Amino acid sequence: MNASLSSRHAFRGSVLHFLSDPGEGGAPHACEFFEDGLMLVENGLVVALGYYSELYPTLPAGTPLTDYNGKLIMPGFIDTHIHYPQTDVIASPGTQLLDWLERYTFPAERRFDDIGHATEVAEFFVDELLRNGTTTALVFGTVHRQSIDAFFTVAAQRNLRMVAGKVLMDRNCPEFLRDTPDSGFADSAALIERWHGQGRLGYAITPRFAITSSEAQLARAGELAQAYPNVHIHSHLAENTAEVAWVAELFPDSRSYLDVYDHYGLLRERAVYAHCVHLDEADRRRMADSGATAAFCPTSNLFLGSGLFDLAGSRDAGMRVGLATDVGGGTSFNMLQTLGESYKVAQLRGYTLSPLLAFYMITLGNAIALGLDSHIGNFAAGKEADFVVLDPASTPLIARRMESAATLAERLFILMMLGDDRAIAATYIRGKSEYHRNQQVISNA
Ligand code: GUN
Ligand code: ZN
């Protein structure tokens with residue numbers, strides 16, 4: 001085993017994590033905050049957390065300590081919907097969803113039949129996630145089976161907890177990106193057998209959306225979901241009004257877009273639907289009853305002009321809501337920037353997103369949304385020690401604004417409105433540093 005994983009290591013700094021949903025009012029007891037805190041990691045797992053002054057004297061002599069004085073240690077960020085093959089599509093201008101797919105996305109995805117290309121993009125993508133403090137993501141591949149072999153190979157090399165799947169698409173898209181109901185079924189089953197539950201990896205059955213899958217393919221996806229009840233399901237739902245209208249034409253017997261997926265047995269816990277911008281009350285209730293998750297993708301919804309997600313209405317309906325970047329429709333890998341845009345979308349819907357709820361959402365909330373909270377999401381003893389070290393003074397403006405912040409909530413709000421990749425000082429995977437913005441860390445082993 002890797003020496004740094006098997007050894008005990010302590011980390012000092014301000015430490016924040018969540019124990020439960022803080023609600024709209026940002027209930028303070030939902031989190032634990034240690035202004036001068038200490039986290040002890042052993043074999044890649046959290047073993048203890050507390051105030052430095054209380055915990056440090058109890059540690060065995062010689063326990064190595066990394067001191068992040070003045071920095072904020074939080075659980076690694078989680079992204080509940082992102083496309084790794086769209087890394088090179090980010091910031092492609094001028095169109096809305098359906099045209100954007102045709103013009104930019106499908107040509108870029110075509111190249112993933114080449115495992116060399118897929119591997120190169122996967123390596124850059126994973127580095128970019130870590131540079132932005134994201135340690136777990138639910139990831140779309142392409143229609144090509146090798147896109148997922150490449151992605152999981154790279155994720156396993158970095159020991160990352162990742163969930164991903166090969167896209168199912170057999171109509172209303174270019175010939176070069178089509179599978180068939182049977183080949184999509186067989187390739188997905190083979191990938192599940194090969195990768196699901198290997199180390200920290202999980203598989204997601206991934207029909208792109210109702211438009212690009214025939215009824216026969218959706219039925220086969222439902223069969224897969226029944227055969228493999230523990231894997232994720234991952235798709236898009238009700239993102240754009242032209243898309244919603246097309247689905248209504250393709251499935252005239254369905255009550256709604258959501259009803260199409262429901263009909264084929266694709267609603268359950270660990271089923272994650274990106275966007276959910278255009279749902280009605282009956283859809284929201286059905287989402288809540290089924291335990292499925294909506295992934296709110298603010299930078300994508302704004303960039304593609306898709307609409308304003310109803311965060312308050314979705315939460316009130318009891319839906320699980322995750323937060324996501326949706327790169328390359330989304331315009332940033334960074335979850336702080338994603339929170340900033342969430343706040344603005346909520347403002348336009350007359351709702352105020354509290355900073356405590358916001359940081360809950362990108363950590364424990366997203367872990368729960370993905371059904372991974374027994375492994376990640378906070379620093380409870382036994383959780384995997386994936387964490388991010390935030391620099392609350394990463395730019396002169398942020399440093400200056402922080403001087404007048406009186407409370408933790410104010411400091412978090414400044415980070416989510418002004419922070420970006422420069423705020424990520426370091427990212428750790430199972431207690432091991434996988435990204436460091438610079439080397440100015442005091443380590444007194
Ligand atoms: N709907 C179907 N495919 C996609 C995609 O790649 N990105 C987004 N944003 N929406 C989709
Ligand atoms: Zn997407």
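In the block above lies the structure referred to throughout.
Procedures and definitions
- Residues numbered from 1 in each chain as written.
- Chains lettered and ligands numbered in written order.
- Predicted model: local features only at pLDDT ≥ 70, side-chain atom pairs only at ≥ 80, totals over all residues.
- Heavy atoms only, no water.
- Axes fitted to C-alpha atoms, helices over the stretch in contact; angles between N-to-C directions.
- Helix = DSSP H or I, 4+ residues; strand = E, 2+ residues; numbered from the N terminus.
- Parallel < 35°, antiparallel > 145°, perpendicular 65-115°, else oblique.
- Left-handed = near helix turned anticlockwise from the far one by under 90°.
- Contact = heavy atoms within 4.5 Å.
- Nonpolar A, V, L, I, M, F, W, Y, C, P; charged D, E, K, R; others polar.
- Bend = angle between axes of the 7 residues up to and from the residue.
- Buried < 20%, exposed > 50% of the residue type's maximum accessible area, 1.4 Å probe, protein only.
- Expected span 1.5 Å × (residues − 1).
- Arc of directions from axis to C-beta.
- Near = heavy atom within 4 Å.
- Polar contact = N/O pair within 3.5 Å; in protein donor to acceptor, adjacent residues only side chain to side chain.
- Areas by Shrake-Rupley, 256 points an atom, 1.4 Å probe, with all protein chains shown as cover.

Enquirer: Describe in detail the packing of helix H6 (residues 181–195) against helix H7 (residues 215–227), supporting the description with residues and values.
Expert: Packing of H6 against H7 brings their axes to within 9 Å, and their N-to-C directions diverge by 25°. Compared by their axis directions, H6 and H7 come out roughly parallel. When you trace H6 past H7, the crossing you get is right-handed. Only Ala216, Gln217, Arg220, Glu223 and Leu224 of H7 make contact with H6, whose side of the interface consists of Pro181, Asp182, Phe185, Ser188, Ala189 and Ile192. Within the contact of H6 with H7, the residues separate by chemical class into six nonpolar, two polar and three charged.

Enquirer: Please give an account of helix H3 (residues 97–110) that cites residues and values.
Expert: The largest bend along H3 reaches roughly 35° and is located at Tyr104, with the proline Pro107 sitting one to four residues downstream. The complete set of buried residues in H3 reads Leu97, Trp100, Leu101, Thr105, Phe106, Ala108 and Glu109. Against the buried residues of H3 lie helix H8 (241–250) and helix H11 (298–303).

Enquirer: Quick rundown of H7? Include the residues and the values.
Expert: Along its 13 residues, H7 runs 18 Å from first to last C-alpha, staying within 8% of the 18 Å computed at 1.5 Å per residue. Listed in full, the buried residues belonging to H7 are Gln217, Leu218, Ala221, Gly222, Leu224 and Ala225. Axial view of H7: buried residues confined to an arc of 155°, hence all on one face. Residues of H7 that are buried in the fold lie against strand E8 (167–168), H6, strand E9 (201–207), strand E10 (232–237) and helix H9 (257–263).

Enquirer: Quick rundown of the site of ligand 1? Include the residues and the values.
Expert: For ligand 1, the full set of nearby residues is His83, Gln86, Leu97, Trp100, Leu101, Arg208, Phe209, His236, Glu239, His275 and Asp326. Between ligand 1 and the protein, one listed contact pairs an oxygen atom with a side-chain N or O atom of Arg208 at 2.7 Å. At 2.8 Å, a side-chain N or O of Asp326 approaches a nitrogen atom of ligand 1. A total of 280 Å² of accessible area belongs to ligand 1 in isolation, and the protein chains cover 100% of it. Among the residues forming the shell around ligand 1, the class breakdown is four nonpolar, four polar and three charged.

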